[in-house]
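Read off the chains here:
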Amino acid sequence: MSLVNEVARKLFLQNAKNFAKLYSVNRCASTSVNLREVLAEKIPEKQDEIKEFRKKYGSHVVGEIQVDMMYGGMRGIKGLVTETSVLDPDEGIRFRGYTIPECQELLPKAPGGQEPLPEGLFWLLITGDIPTEEQVKALSREWAERAALPSHVVQMLNNFPTTLHPMSQFSAAITAMNSESKFAEAYSSGVPKSDYWESTFEDSMNLIAKLPTVAATIYRNIYREGSSVCPINMDLDWSANFSAMLGFDNEMFTELLRLYLFLHSDHEGGNVSAHTVHLIGSALSDPYLSFAGGMNGLAGPLHGLANQEVLVWITRMSEALGKDVTDEQLKDFIWNTLNSGQVVPGYGHAVLRKTDPRYTCQREFALKHLPDDRLFKLVSQLYKVVPDILLEQGKAKNPWPNVDAHSGVLLTHYGLTEMNYYTVLFGVSRALGTLASLVWDRALGLPLERPKSMSTEGLKKLVGAS
């Protein structure tokens, strides 16, 4: 980036930050610190906006569907509305219009911290507004107050065998918590459809609040001999409580956890976990059942389990090549991997056509806090040599690293070495985006999702092939 562009970027961020502060000051008399109240003000406005838009442009054609798209996992088909974030192939993710660096600059941080609080991102995702520090602090406390688990869920988690995969335990516990569902209760009592969002919001708030407790209980049971999870501290933020419950007292690990939970929260609506939550929710399944389904999708090796796969591969490579690996040794190892029919894990993305900004963000964290870490140096070396090899091979549309190429190395550095557990952290984070979207699905009255499928024979007739 040129000096001129860098100066322009900093000026833009500073102006945006100043505007956000001014906006907050100007609205302080009417701006609530209660997220539900703020959301209740915004929903009617959005409902009217979409109603008017559909009235005028509802018959407008969006895009084209090709046969290859239908056989290729519906990739590229524009068929969903997701308000919380948009993924541009060349630019990367924007959360409600804000890039990752802009969010890092504008969202509130913990006292003395440098990374944005995930609570602030959730507020942004669900309202579209940059929250004030007071609003984020109130949300932190509200989640702390809602964090206790039902006794039957604790008992179930404690009775699971330690050999059961952490994601299986995570999904099962989320499903079991639907005994507490306010949405299921409201639906059974005949609440009007226009009010569905309220109980969906309550379930989402409760679920997000409880997920760190669920995740920490799983971690303690499997990897810490069933030691007790410490009580929630009402004065700590969501990530700090999670870190403490896991058993870490390193402030830099807590900062990394804030960054991790922020970065993995949302990636528009077409990925497996987000789409699954939306799809199941469209059947008016409650948020617990909907999110549990999304977590079963996240557990797949082509989605959330990829961060685990990356670290396994890097560890195996490090053991095979030893210390002080040369670029030539690395290239030979990578070519052997590709020639054996395997892929280089952590590289490529279904949508992105550039280095994942989430990777870049984690790299900057590592350069600042752990520049001499051996595995980080190896990741940096891979970043230097892998893209050219993939371009030479000619099969990858995107030869650049994605978010999974980095996260496991950072977690390992701070002592969270249990790779099977990493996707649970991803799941805790992904709740922020998927549940914010689910609240809006109900607020906008989105219907049951039921796309039309066709047989190969029918497609052949359609295109004149038979």
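Residues numbered from 1 in each chain as written. Predicted model: local features only at pLDDT ≥ 70, side-chain atom pairs only at ≥ 80, totals over all residues. Heavy atoms only, no water.

**Section: the UniProt feature "active site" (unreviewed entry) in the protein chain**
Feature annotation in UniProt assigns "active site" (unreviewed entry) to the following positions: His 303, His 349 and Asp 404. A compact arrangement is adopted by the annotated residues: their sequence extent is 102 residues, whereas the largest C-alpha distance between any two is 10.4 Å. Classification of His 303 by relative accessible area gives buried; the value is 15%. Excluding residues within four positions of it along the chain, His 303 makes contact with Asn 271, Val 272, Ser 273, Gly 297, Leu 298, Asp 404 and Arg 430. Engagement of the side chain of His 303 in a polar contact is seen with the side chain of Ser 273, the distance being 2.9 Å. With respect to the helices, strands and loops of the structure, Asp 404 is situated in helix α19 (residues 404-413). A residue is classified by how much of its surface remains accessible, and Asp 404, at 9% relative accessible area, is buried. Dropping the residues within four chain positions of it, Asp 404 is found in contact with His 303, Ala 306, Asn 307, Val 310 and Phe 426. (UniProt positions renumbered as here; feature names shortened; annotations may be inferred. Buried < 20%, exposed > 50% of the residue type's maximum accessible area, 1.4 Å probe, protein only. Contact = heavy atoms within 4.5 Å. Polar contact = N/O pair within 3.5 Å; in protein donor to acceptor, adjacent residues only side chain to side chain. Helix = DSSP H or I, 4+ residues; strand = E, 2+ residues; numbered from the N terminus.)

**Digging into a nonpolar patch on the surface**
A grouping of Ile 65, Val 67, Met 70, Tyr 71, Met 454, Leu 462 and Val 463 is seen on the molecular surface, where their side chains present a nonpolar patch of about 680 Å² in accessible area. Looking at which element gives the most residues to the nonpolar patch, the answer is helix α3 (residues 67-71), with three residues. Its location among the elements puts Tyr 71 in helix α3. (Patch = residues over 30% accessible without salt bridge, like charges linked within 9 Å, V, L, I, M, F, W, Y side chains within 5 Å. Areas by Shrake-Rupley, 256 points an atom, 1.4 Å probe, with all protein chains shown as cover. Salt bridge = Lys/Arg side-chain N within 4 Å of Asp/Glu carboxyl O.)

**As for the environment of Pro 118**
Within the secondary structure layout, Pro 118 lies in helix α5 (residues 118-127). Taking relative accessible area as the criterion, Pro 118 reaches 0% and is therefore assigned buried. Expressed as a C-alpha distance, the spacing of Pro 118 and Arg 36, which sit 82 residues apart in the sequence, is 17 Å. If near-sequence neighbours (up to four positions away) are discounted, Pro 118 is found in contact with Trp 238, Ser 239, Arg 258, Leu 261, Phe 262 and Leu 432.

**Some details on the packing of helix α17 (residues 357-369) against helix α18 (residues 374-393)**
At their nearest, the axes of α17 and α18 sit 11 Å apart, and the two run at 135 degrees to each other. Classified by the angle their axes make, α17 and α18 are oblique. Crossing hand, α17 versus α18: left-handed. Along the contact surface, α17 presents Tyr 359, Arg 363, Ala 366 and Leu 367, while α18 presents Phe 376, Val 379, Ser 380 and Tyr 383. Of the residues belonging to the contact of α17 with α18, the class tally is six nonpolar, one polar and one charged. (Axes fitted to C-alpha atoms, helices over the stretch in contact; angles between N-to-C directions. Parallel < 35°, antiparallel > 145°, perpendicular 65-115°, else oblique. Left-handed = near helix turned anticlockwise from the far one by under 90°. Nonpolar A, V, L, I, M, F, W, Y, C, P; charged D, E, K, R; others polar.)

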